[in-house]
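Structural description and commentary
The primary structure of each chain is shown beneath.
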Amino acid sequence: MLSHFLAGEWFSVHCFQDAATHEPLRWYVNFEKPYQRHAGGIDTLDLCLDLVVTPDQSGHHWKDRDEYRQLRRLGLIDDYLHHQVEQAQGRAIAMLDNRTGPFAAGWPTWTPDPSWPLPTLPDDADDPATGR
């Protein structure tokens, strides 16, 4: 899976790929609060609404709309968050329709250099005293 996080954006885009061919199996747009970097990593909050896109980007369907509506009813997604999600939906669909950003040609064919070492977490990554 390749993931694309756009700085300041209320969604991320993920391309699930066939392990052997690296061909897209599906695209997934996850609506979430914009990520925030800090010394211990990255923070965000999943907002429960997702868009699933066909491998060739010709179609899509919404996922978890009922759960999203329930979070609205419970007040966990307030009017401010809801407005941000509505605006982000429009931006994500526009990128998909125009084949820009993460949906531009060529991006899902990228693979990391096999000589790159696997990243490691700091020894205290799960220590609550570090604020991570």
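What counts, and where the lines are drawn
Residues numbered from 1 in each chain as written. Predicted model: local features only at pLDDT ≥ 70, side-chain atom pairs only at ≥ 80, totals over all residues. Heavy atoms only, no water. Helix = DSSP H or I, 4+ residues; strand = E, 2+ residues; numbered from the N terminus. Buried < 20%, exposed > 50% of the residue type's maximum accessible area, 1.4 Å probe, protein only. Phe/Tyr/Trp six-rings, centres within 6.5 Å; stacked < 30°, edge-to-face > 60°. Salt bridge = Lys/Arg side-chain N within 4 Å of Asp/Glu carboxyl O. Core = buried A, V, L, I, M, F, W, Y, C linked by side-chain atoms within 4.5 Å. Contact = heavy atoms within 4.5 Å. Expected span 1.5 Å × (residues − 1). Polar contact = N/O pair within 3.5 Å; in protein donor to acceptor, adjacent residues only side chain to side chain. Pairing = 2+ DSSP bridges. Axes fitted to C-alpha atoms, helices over the stretch in contact; angles between N-to-C directions.

1. Brief notes about the overall build of the protein
If you tally the helices and strands in the protein, you get two helices and seven strands. Going residue by residue from the N terminus, the α and β elements of the protein occur as β-β-β-β-β-β-β-α-α. Summarising its shape, the C-alpha atoms of the protein cover approximately 45 × 45 × 20 Å along the three principal directions. Burial status across the protein gives 32% buried among its 132 residues.

2. Quick look at the packing of aromatic side chains
Applying the stated criterion to the full structure yields six aromatic pairs. Taken together, a centroid distance of 6.1 Å and an interplanar angle of 75 degrees make the contact between Trp 10 and Tyr 80 edge-to-face. Here Trp 10, found in the loop between β1 (2-5) and β2 (11-17), pairs with Tyr 80, found in helix α2 (residues 79-98); they are 70 residues apart in sequence, far enough to count as distant. Pairing Phe 31 with Trp 62 gives two aromatic rings, centres 5.9 Å apart and planes at 35 degrees, and the pair type is tilted. Taken together, the residues span a long stretch of sequence, with Phe 31 in strand β3 (residues 24-32) and Trp 62 in strand β7 (residues 60-63) at a distance of 31 residues. Residue Phe 31 is classed as buried on the basis of its relative accessible area of 0%.

3. Some words on the pattern of salt bridges
The tally for this structure, following the rule as stated, stands at four salt bridges. Measuring nitrogen to oxygen at the nearest pair gives 3.1 Å for the salt bridge that ties Arg 72 to Asp 79.

4. Thoughts on the nonpolar core
Within the largest apolar cluster, 23 residues are counted, with the highest numbers of intra-cluster contacts made by Phe 11, Val 29, Phe 31 and Phe 103. Taken together, the elements giving at least two residues each to this core come down to β2, β3, β6 (46-53), α1 (65-74) and α2. Broken down by element, this core gets its largest block of residues, seven residues, from α2. Residues contacting Phe 11, with those up to four places away along its chain left out, are Leu 6, Val 29, Asn 30, Phe 31, Glu 32, Ala 88, Arg 91, Ala 92 and Met 95.

5. Observations concerning α2
An ideal rise of 1.5 Å per residue puts 28 Å on 20 residues; α2 measures up with 29 Å between its terminal C-alpha atoms. Contacts from the buried residues of α2 go to β2, β3, β6, β7 and α1. The N-terminus of α2 is capped by Asp 78, whose side-chain oxygen sits 3.2 Å from the backbone nitrogen of Tyr 80. Just past α2, the residue Arg 99 takes up positive phi, approximately 55 degrees.

6. Here we look at the side chain of Glu 9
Positionally, Glu 9 belongs in the loop between β1 and β2. Setting aside residues up to four positions removed in sequence, Glu 9 forms contacts with Glu 32, Lys 33, Pro 34, Ala 88 and Arg 91.

7. A closer look at the sheet that holds β1
Taking strand neighbours across the sheet as the criterion, the five strands line up as β1-β2-β3-β6-β7 in an open arrangement whose pairing is antiparallel. Two strands close off the open sheet at either side, each with one partner strand: β1 and β7. Averaged over all pairs of adjacent strands, the angle between their axes in this sheet comes to 20 degrees, without regard to strand direction. Sheet strands touched by α1: β6 and β7. Its angle to β6, the strand with the most contacts, is close to 160 degrees. Sheet strands touched by α2: β2, β3, β6 and β7. Its angle to β6, the strand with the most contacts, is close to 20 degrees.

Everything listed here is a matter of geometry and, on its own, says nothing about what the molecule does.
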